[in-house]
Amino acid sequence: MTEKAAKPQIRFAGFNGAWEQRKAKDLFVSTADKGHPELPVLSATQDRGMIRRDENSINIFHDKKNEEGYKRVLPGQFVIHLRSFQGGFAHSAIEGITSPAYTVFDFLEPEKHDSNFWKFIFTSKEFIRCLETVTYGIRDGRSISYDEFLTMRFAFPCKQEQTEIAQYFSNLDHLIALHQRKYGKLTQVKKSMLEKMFPKNGKNVPEIRFKGFSDVWEQRKFRETVVIERGGSPRPIEAFITQGANGLNWVKIGDAPEMGNCITQTSEKIRPEGLSKTREVHPGDLILSNSMSFGKPYIMGINGCIHDGWLLIRNEKKMYDLTFLCHLLGTQQMLAQYKSLAAGSTVNNLNKELVGNTTVSFPTVREQIAIGDFLSHLDHLIALHQRGLEKLKNIKKSMLEKMFP
């Protein structure tokens, strides 16, 4: 993009020359072909740097529309919005037409360029950083004119290297999409199973259950089956935070893991003197945020203390398998009860009485273990794909920085 940045940090074997640098006006030309009445309308909404068919628009345009400036877009061409710039150009994969608000442009020397490579140029961190020099719109954020775009400088290699780079990132995008689909599918499977493996409110058997289990589920008020207590905070809390070896784990919302349901560490500790003003929790206890917008229960894997933003749920009567109970408390059936019982309350938060007044349905501990194990296995698969997805996205982000100067 700049005179000094002629070579990327990482490149494929066999390529070592400096990248050519030219202004956009020497690389691109605006096209003004009118649309064809039978072509689909293309949306400027980006999908990994590509424009796609606009599913919210009609598919056929009349001649009158074409006369008003709608433009034809061919595969491999690029589009820029003249009034608002949303952080990247759109690259078309199909033929279609787009509105007069967009400028369609192509290469002056198409034989020297791989359009797939330029798709990644226009989504690179370096390119986005260059946009800081252009005009800013009042309402839509970044705004750029086609004339401003023409003054921007680009660095690029020979077409063969362009193709190698484009193929590498296309393969990465393919893997990311695969993990995204698998992650999304597994997430939907779990959502469906949570609805069908727990009885709906008012019912005493679920829609789906494992072979060998047929007894009706027991129904009780939740307060009759567990101990429920609210957390507490010594104040001012800042005076009790310590780095000392004798500090007690201080559990905050931020300590809850993004994946999994077990809290195994905390970022802060409090002095033992604050213990009388808080609530102590131990491995095997469940804690539940009192905010209904949060609403996810966690199993404690360590000793610690909770503030008044948490509720302690202790399985003192041993009526539950902990993994089963953790999933049960996060079902839509339970969330619906929370909302119903809180209706009319001035503070739309959970509390000891509200949670205790919910009705829970549960089977034998043996069936609970089977359900808990199944859902835990699903969670494990979801976490694997989520970690894989994040890893691939981080690889792409890093390579976009290192494979472009």
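Going by the structure above, here's the rest.
Throughout, a residue's number is its position along its own chain's written sequence, starting from 1. For this predicted model, a pLDDT threshold of at least 70 governs which residues receive local features, and a threshold of 80 or more governs which side-chain atom pairs are given and counted, while totals over whole chains, interfaces and linings are taken from all residues. Values reported for side chains reflect all heavy atoms of the structure, with hydrogen atoms and water molecules removed beforehand.

(A) Region of the structure containing the packing of aromatic side chains. Think of it this way: a Phe, Tyr or Trp ring, Trp meaning its six-membered ring, pairs with another when their centres are within 6.5 Å, and the plane angle makes it stacked under 30 degrees, edge-to-face over 60, tilted otherwise. In the structure shown here, the tally under the stated rule is 25 aromatic pairs. For the ring pair W118 and F156, a centre distance of 5.6 Å and an interplane angle of 50° mean the geometry is tilted. A residue pair is termed long-range when its members are at least 10 positions apart, and W118 in helix α2 (residues 115–121) and F156 in strand β10 (residues 153–156) qualify at 38 residues. Numbering of helices and strands starts at the N terminus; helices are DSSP runs of H or I of at least 4 residues and strands are runs of E of at least 2.

(B) Region of interest: the pattern of salt bridges. Any carboxyl oxygen of Asp or Glu within 4 Å of a side-chain nitrogen of Lys or Arg constitutes a salt bridge here. Scanning the model with the defined rule gives 17 salt bridges in all. With a shortest N-O distance of 2.7 Å, R220 and E218 are connected by a salt bridge. Under the relative-accessibility criterion, R220 is labelled partly exposed at 25%. Throughout, exposure labels follow a simple rule: accessible area from a 1.4 Å probe, protein chains only, divided by the maximum for the residue type, with under 20% read as buried, over 50% as exposed, and the rest as partly exposed. You can call E218 partly exposed: its relative accessible area is 35%. For E273, the salt bridge is made with R271, and the minimal N-O distance between the two is 3.3 Å. Judged by relative accessible area, which is 51%, E273 ranks as exposed.

(C) Expanded view of the environment of V216. With respect to the helices and strands, V216 occurs in the loop between α5 (159–196) and β11 (218–221). Taking the relative accessible area as the measure of exposure, V216 reaches 55% and is therefore exposed. In this structure the C-alpha to C-alpha distance between V216 and P206, which are 10 residues apart in sequence, comes to 8.9 Å.

(D) Up close: the packing of α5 against helix α9 (residues 365–402). In this analysis, axes come from line fits to C-alpha atoms, helices being fitted only over the stretch in contact, and the angle between any two N-to-C directions falls in the range 0 to 180 degrees. α9 packs onto α5 with a crossing angle of 155° between their chain directions and a minimal axis gap of 9 Å. By the angle between their axes, α5 is roughly antiparallel relative to α9. Between α5 and α9 lies a crossing of left-handed hand. Here is the rule for angles: anything less than 35 degrees is roughly parallel, anything more than 145 is roughly antiparallel, 65 through 115 is roughly perpendicular, and the remaining ranges are oblique. For any pair of crossing helices, the crossing counts as left-handed if the nearer helix is rotated counterclockwise from the farther one by less than a right angle, and right-handed if it is rotated clockwise.

(E) The arrangement of the side chain of T266 in detail. Counting through the fold element by element, T266 comes out in the loop between β15 (262–263) and β16 (268–270). Between N or O atoms, a polar contact is any pair within 3.5 Å; within protein, one atom must be a potential hydrogen donor and the other a potential acceptor, and residues adjacent in sequence are included only when both atoms are from side chains. At 3.2 Å, the side chain of T266 and the side chain of N249 are in polar contact. Here E268 takes part through its backbone oxygen, which lies 3.0 Å from a polar atom of the side chain of T266. Here a residue-residue contact requires only that any non-hydrogen atoms of the pair lie within 4.5 Å. When sequence neighbours within four positions are dropped, the list of residues in contact with T266 reads N249, W250, V251, D255 and I302.

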